[in-house]
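A structural walkthrough
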Amino acid sequence: MDDVKIIRLDSTDSTNLFLRRYDGEEGRLLTVATAEYQTAGRGQGQNSWESEACRNLLFSIKMHPKELPAARQFVMLEAMALAIKDTLSAMVDGITVKWPNDVYWRDSKISGTLSECNVCGRFVGDCISGTGLNVNQRTFVSDAPNPVSLFNITGRET
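So, here's what we can say about the structure. (Residues numbered from 1 in each chain as written. Predicted model: local features only at pLDDT ≥ 70, side-chain atom pairs only at ≥ 80, totals over all residues. Heavy atoms only, no water.)

Describing the nonpolar core
Counting 21 residues, the largest nonpolar core has Leu88 and Ile110 as its most contacted members. Elements with a contribution of two residues or more to this core: strand S3 (57-63), helix H2 (74-89), strand S5 (102-105), strand S7 (123-133) and helix H3 (150-154). For this core, the leading source of residues is H2, giving four residues. Phe18, Ala33, Ala35 and Ile128 belong to the second largest nonpolar core, which has seven residues in total. (Core = buried A, V, L, I, M, F, W, Y, C linked by side-chain atoms within 4.5 Å. Buried < 20%, exposed > 50% of the residue type's maximum accessible area, 1.4 Å probe, protein only. Helix = DSSP H or I, 4+ residues; strand = E, 2+ residues; numbered from the N terminus.)

Brief notes about the pattern of salt bridges
As enumerated under the stated definition, the model contains seven salt bridges in all. The salt bridge involving Glu157 is made with Arg55; its shortest N-O contact spans 2.7 Å. With a gap of 102 residues between them, Glu157 in the segment after H3 and Arg55 in the loop between strand S2 (30-38) and S3 connect regions that are remote in the sequence. In the salt-bridge network here, residues are joined through shared partners; they are Arg55, Arg138 and Glu157. (Salt bridge = Lys/Arg side-chain N within 4 Å of Asp/Glu carboxyl O.)

A short note on unusual backbone geometry
Cis geometry marks the peptide bond from Trp99 to Pro100, where omega comes out at 10°. Note that Pro100 resides in the loop between strand S4 (95-98) and S5. You will see that Cys54, though not glycine, has its phi angle at about 60°, which is positive. Among the secondary structure elements, Cys54 is positioned in the loop between S2 and S3. Residue class for Cys54 comes out exposed when judged on its relative accessible area of 53%.

Focus: the layout of surface pockets
In this model, the second largest pocket occupies a volume close to 160 Å³. Leu57, Thr87, Leu88, Met91 and Leu133 are the residues nearest the centre of the second largest pocket, which is lined by 13 residues in total. If you list the elements that add at least two residues to the lining of the second largest pocket, you get S3 and H2. (1 Å grid on protein atoms, 1.4 Å probe; cavity = no way out; pocket = protein on both sides within 12 Å on 5 of 7 lines; lining within 4 Å. Points joined across faces, edges and corners; volume = space filled by probe spheres on them.)

Some words on a nonpolar patch on the surface
Together, Phe74, Leu82 and Trp99 line one region of the surface with nonpolar side chains, adding up to about 280 Å² of accessible area. For Phe74, the location among the structural elements is in helix H2. The class for Phe74 is partly exposed, based on a relative accessible area of 36%. (Patch = residues over 30% accessible without salt bridge, like charges linked within 9 Å, V, L, I, M, F, W, Y side chains within 5 Å. Areas by Shrake-Rupley, 256 points an atom, 1.4 Å probe, with all protein chains shown as cover.)

Describing the side chain of Asn136
Its location among the elements puts Asn136 in the loop between S7 and H3. Residue classification places Asn136 among the buried positions, given a relative accessible area of 9%. A polar contact is formed between the side chain of Asn136 and the backbone oxygen of Thr158, at a distance of 2.8 Å. Setting aside its immediate chain neighbours within four residues, Asn136 contacts Arg55, Asn56, Ser149, Phe151, Arg156, Glu157 and Thr158. (Polar contact = N/O pair within 3.5 Å; in protein donor to acceptor, adjacent residues only side chain to side chain. Contact = heavy atoms within 4.5 Å.)

Some details on the sheet that holds S2
Read across the open sheet, the seven strands follow the order S1-S2-S3-S7-S6-S5-S4; overall the sheet is mixed. The open sheet terminates on both sides in strands that have one partner only, identified here as strand S1 (4-12) and S4. Each neighbouring strand pair of the sheet contributes to a mean axis angle of 20°, computed without reference to strand direction. Where S5 meets strand S6 (residues 108-120), four bridges bridge the pair, whose relative direction is antiparallel. If you follow Val103 over to S6, its bridge partner there is Ser111. (Pairing = 2+ DSSP bridges. Axes fitted to C-alpha atoms, helices over the stretch in contact; angles between N-to-C directions.)

Here you go:
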């Protein structure tokens, strides 16, 4: 698996920030960082991502697309949202995508992805996409208006 490097972390401020600062060996195509806990998970703008330790999926993927035009960088974010939607739809009904980066169950947000790309000329040089997926968290204490987890939907741990 020289093409993909997976880094497992107990805790980090943000998996996106970790990959941005990472100077170790990378995979040729992808480098993935996962964390059991993020102390400063991030969302769009100034928003944060609330996540209880060891209860959710928190990961970022650093990609090195080949000759992807900068104007088409949205396709990576679109692919991530559709992959999460398809996976969750196999477990529960009512999963939708709120473009460009959120996955919802009915009117509640179950997942979000933050994408940060570097452009080199006309092409994307590399891109880090970080995703938070609420899996087993039972309660949310932040001021986020509508979080939900897979546990809240199904009543059982996944």
